[in-house]
Amino acid sequence: MLKGKVAVVTGGTRGIGLATVKKFLENGAKVVLFGSREDTVKKALDTLKEENPEWPVDGMCPDIGDAKAVAEAFAEIKEKYGALDILVNNAGISARDKLYDYKAEDFEKIIRLNVNSVFICAQAAAKIMKEQGGGVILNTSSMVSLYGQPAGCGYPASKFAVNGLTKSLARELGKDNIRVNAVAPGVTRTDMVAALPDAVIQPLIATIPLGRVGEPEDIANAFLFLASDMASYVTGEILSVDGAAMT
Ligand code: NAD
């Protein structure tokens, strides 16, 4: 579905990002995964190469909060692979702080990564995509972007902003043949969720109509669809992949 396409996935070293990298590789894309540290990037690349040594996958760890570092990384990718067709803005952190204890610097930290870096990466990628005649920008939102959550308000606030960026950029960039969409995962079995005790997980599962938490591959499948030409007339969409959960 992505034969010959060149993709960047931020936060591609584990969880949803790593599953998306793998899905894109299985579907013929060349992928550059971004991580925050060299050792985790190397570990992800080793895991993928172990699975298939032929996969065209590379890794980088630019500071995605720094516009200059991102522009340089994307220019290097364009130079090496000849294009940048797909960007998946997936890197993100969450929060559980209660409002009364929430430090302003922690609120800022989450906005810096979950929102500012999406803006910075989208801007740098769009410049290249416009010049080459089009592309696809995908963002990772969350179920909490619809309902909020009862603690850690910086996290839902950041994901509401991701939805706003998604819808606005879709409208702004359509004329340049750049589609912009988001996937809004529900509770998904990444490291964070796997660490939760059964006593927390089971009551949670009981509230999900499909009766299970999401797997990273469920989310990767949605990214694959949106990245592919199967979604050629889909833009500005926030696609929920949450088993119809509402909490
Ligand atoms: P994860 O913690 O397993 O992975 C997060 C990724 O982000 C890692 O690759 C990490 O290297 C990267 N990252 C973290 N801080 C970074 C920084 N400062 N700079 C660059 N990269 C950084 O998380 P995940 O569960 O796979 O989450 C991926 C995305 O999915 C996030 O945007 C998250 O908000 C969203 N999401 C997750 C769930 C869930 O239940 N797991 C639900 C809804 C949305």
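The text that follows walks through the structure, step by step, so that each part is easy to find. Residue numbers here run from 1 along each chain, matching the order of that chain's written sequence. It should be noted that, the model being predicted, local features are given only for residues of pLDDT at least 70 and side-chain atom pairs only at 80 or more, the latter also being counted only at that level, while totals for whole chains, interfaces and linings use all residues. Water and hydrogen atoms were dropped before computing side-chain values, which therefore reflect all heavy atoms in the structure.

## Some points on the site of the ligand
Phase 1 of the analysis: Taken together, 24 residues are adjacent to the ligand, and Thr-13, Ile-16, Asn-90, Tyr-155 and Thr-188 come closest.
Phase 2 of the analysis: Polar contact is the term for a pair of N or O atoms within 3.5 Å; when the atoms are in protein, one must be able to donate a hydrogen and the other to accept it, and sequence-neighboring residues count only if both atoms are side-chain atoms. Contact between the ligand and Gly-11: an oxygen atom at 3.1 Å from a main-chain N or O atom of the residue.
Phase 3 of the analysis: Methods summary: accessible areas were calculated by the Shrake-Rupley approach with a probe of 1.4 Å, and residue burial reflects only the protein chains presented. Out of a free accessible area of 830 Å², the ligand has 85% covered by protein chains.
Phase 4 of the analysis: Per the convention used, a helix needs a DSSP run of H or I reaching at least four residues, while a strand needs a run of E reaching at least two, with both numbered from the N terminus. Of all the secondary-structure elements, those providing two or more residues to the shell around the ligand are α1 (15–26) and α6 (154–173).
Phase 5 of the analysis: In terms of residue class, the shell around the ligand is made up of nine nonpolar, 13 polar and two charged. The near set for a molecule or strand comprises every residue that places at least one heavy atom within 4 Å of it. Throughout, the ten residues Ala, Val, Leu, Ile, Met, Phe, Trp, Tyr, Cys and Pro are labelled nonpolar, Asp, Glu, Lys and Arg are labelled charged, and all others, Gly among them, are labelled polar.

## Points about the pairing of strand β4 (residues 86–89)
Phase 1 of the analysis: Exposure is judged per residue with a 1.4 Å probe applied to protein chains only, and the accessible area is read against the type maximum: over 50% gives exposed, under 20% gives buried, and values in between give partly exposed. The alternating pattern of β4 places Ile-86 and Val-88 and Leu-87 and Asn-89 on opposite faces, both of which are buried.
Phase 2 of the analysis: Here β4 runs beside strand β5 (residues 135–140); their pairing, made up of four bridges, is parallel. Its bridge partner lying in β5, Ile-86 is registered against Val-136.
Phase 3 of the analysis: Taking the sense of rotation as the criterion, the β-α-β connection linking β4, helix α4 (residues 104–132) and β5 turns out right-handed. For two strands to be treated as a pair, DSSP must find at least two bridges joining them. Crossover handedness is defined by viewing with both strands directed away from the observer: a clockwise path from the first strand over the helix to the second marks the crossover as right-handed.

## Considerations on the side chain of Thr-166
Phase 1 of the analysis: Within the secondary structure layout, Thr-166 lies in helix α6.
Phase 2 of the analysis: Engagement of the side chain of Thr-166 in a polar contact is seen with the side chain of Asn-139, the distance being 3.0 Å.
Phase 3 of the analysis: Residues are treated as being in contact if the distance between any of their heavy atoms lies within 4.5 Å. Not counting chain neighbours up to four residues away, the residues in contact with Thr-166 comprise Asn-139, Val-180, Asn-181, Ala-182, Gly-236, Glu-237 and Ile-238.

## Overview of α1
Phase 1 of the analysis: A helix is expected to span 1.5 Å multiplied by its residue count minus one. Compared with the 16 Å implied by 1.5 Å per residue over 12 residues, the 17 Å span of α1 between its first and last C-alpha is a close match.
Phase 2 of the analysis: Taken across its 12 residues, α1 has nine buried, putting it largely inside the fold.
Phase 3 of the analysis: Regarding α1, the residues found buried are Ile-16, Gly-17, Leu-18, Ala-19, Thr-20, Val-21, Lys-23, Phe-24 and Leu-25.
Phase 4 of the analysis: Where α1 terminates, the next one or two residues include Gly-28, which has phi positive at roughly 90 degrees.

Remember, this is a structural readout, not a statement about activity or role.
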